[in-house]
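Chains, contacts and geometry: an overview
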Amino acid sequence: MRNTGRTEGIRRWGGRLALGALVGCAGVVAQQPATPYPPQMEGVQVEVYKTIGDVKLNLYIFNPPGHQARDSRAAIVFFFGGGWRSGTPKQFEQQCRRLASRGMVAITADYRVFSRHGAKVVDCVRDAKSAVRWVRQNARRLGIDPRRIAA
């Protein structure tokens, strides 16, 4: 079959076209109804890892079936996307549930963002570091191996 150049052009520029399509949809995503805040997730252990003024930042912890504090499980901490401006820990609820069902302690973290708290990027990064530090400091109580935490 002869290549007319048409498919070659799609292959060569496909990445840019896909990126353009995603960027073009950004306005549509922003117009969707706001998710209730703070998020509600069934069967999740909620812990406050940091308080700044009257803002309490939560970790939503998904434990494996039969998990106990004496366990020493690997853990993962997810930080939602949103360009530091918006987003919710609920973004990674399904991934957390799946990993917990496979034996890992899975955590999705809240952090300050511009739309809710007027936060700057540096504040978001500080919160993320605080979240991981809190998980390490509380690993024994949570049944987590502090040497096996991914973020």
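Provided above is the structure to which this section pertains.
All values derive from a computational prediction rather than experimental measurement.

This brings us to the side chain of asparagine 58. Within the secondary structure, asparagine 58 sits in strand 2 (residues 55–62). Of note is the side chain of asparagine 58, whose polar atom sits 3.3 Å from the side chain of tyrosine 60. Dropping the residues within four chain positions of it, asparagine 58 is found in contact with Val46, Glu47, Val48, Tyr49, Thr108, Ala109 and Asp110.

The next point concerns the packing of aromatic side chains. Scanning the model with the defined rule gives 3 aromatic pairs in all. Between phenylalanine 79 and tyrosine 111, the aromatic rings sit 6.5 Å apart at their centres with planes inclined by 55°, giving tilted as the arrangement. Within this pair, whereas phenylalanine 79 is found in strand 3 (residues 73–79), its partner tyrosine 111 is found in the loop between strand 4 (105–109) and helix 3 (114–117), the two being separated by 32 residues in sequence. Residue tyrosine 111 is classed as buried on the basis of its relative accessible area, which comes to 5%. Taken together, a centroid distance of 4.2 Å and an interplanar angle of 10° make the contact between phenylalanine 80 and tyrosine 111 stacked. Here phenylalanine 80 is found in the loop between strand 3 and helix 2 (93–101), whereas its partner tyrosine 111 is found in the loop between strand 4 and helix 3, with 31 residues between them in sequence.

Although it is not a glycine, tryptophan 84 sits at a positive phi angle of roughly 70°. For tryptophan 84, the location among the structural elements is in the loop between strand 3 and helix 2.

Glancing now at the nonpolar core. Within the largest apolar cluster, 21 residues are counted, with the highest numbers of intra-cluster contacts made by Tyr49, Leu59, Ile107, Val135 and Ile144. Contributions of two or more residues to this core are made by strand 2, strand 3, strand 4, helix 4 (121–137), helix 5 (139–142) and strand 5 (144–150). Val44, Phe62, Ile76 and Ala106 belong to the second largest nonpolar core, which has 10 residues in total.

Taken together, 5 strands build an open sheet; the order of strands is 1-2-4-3-5 and the sheet is mixed. Because the sheet does not close on itself, it has two edges, and the strands there are strand 1 (45–52) and strand 5. Going across the sheet, the axis of each strand differs from the next one's by a mean of 30°, ignoring polarity. In this sheet, strand 2 lies alongside strand 1 in antiparallel orientation, the contact comprising 7 bridges. Among the inter-strand pairings, lysine 50 is bridged to a residue of strand 2, identified as leucine 57. Relative to strand 4, helix 2 is tilted by about 165°, and along the sheet it contacts strand 2, strand 3 and strand 4. Sitting on the sheet, helix 4 is in contact with strand 1, strand 2, strand 3, strand 4 and strand 5, with an inclination near 130° to strand 1.

What counts and what doesn't
- Residues numbered from 1 in each chain as written.
- Predicted model: local features only at pLDDT ≥ 70, side-chain atom pairs only at ≥ 80, totals over all residues.
- Heavy atoms only, no water.
- Helix = DSSP H or I, 4+ residues; strand = E, 2+ residues; numbered from the N terminus.
- Polar contact = N/O pair within 3.5 Å; in protein donor to acceptor, adjacent residues only side chain to side chain.
- Contact = heavy atoms within 4.5 Å.
- Phe/Tyr/Trp six-rings, centres within 6.5 Å; stacked < 30°, edge-to-face > 60°.
- Buried < 20%, exposed > 50% of the residue type's maximum accessible area, 1.4 Å probe, protein only.
- Core = buried A, V, L, I, M, F, W, Y, C linked by side-chain atoms within 4.5 Å.
- Pairing = 2+ DSSP bridges.
- Axes fitted to C-alpha atoms, helices over the stretch in contact; angles between N-to-C directions.

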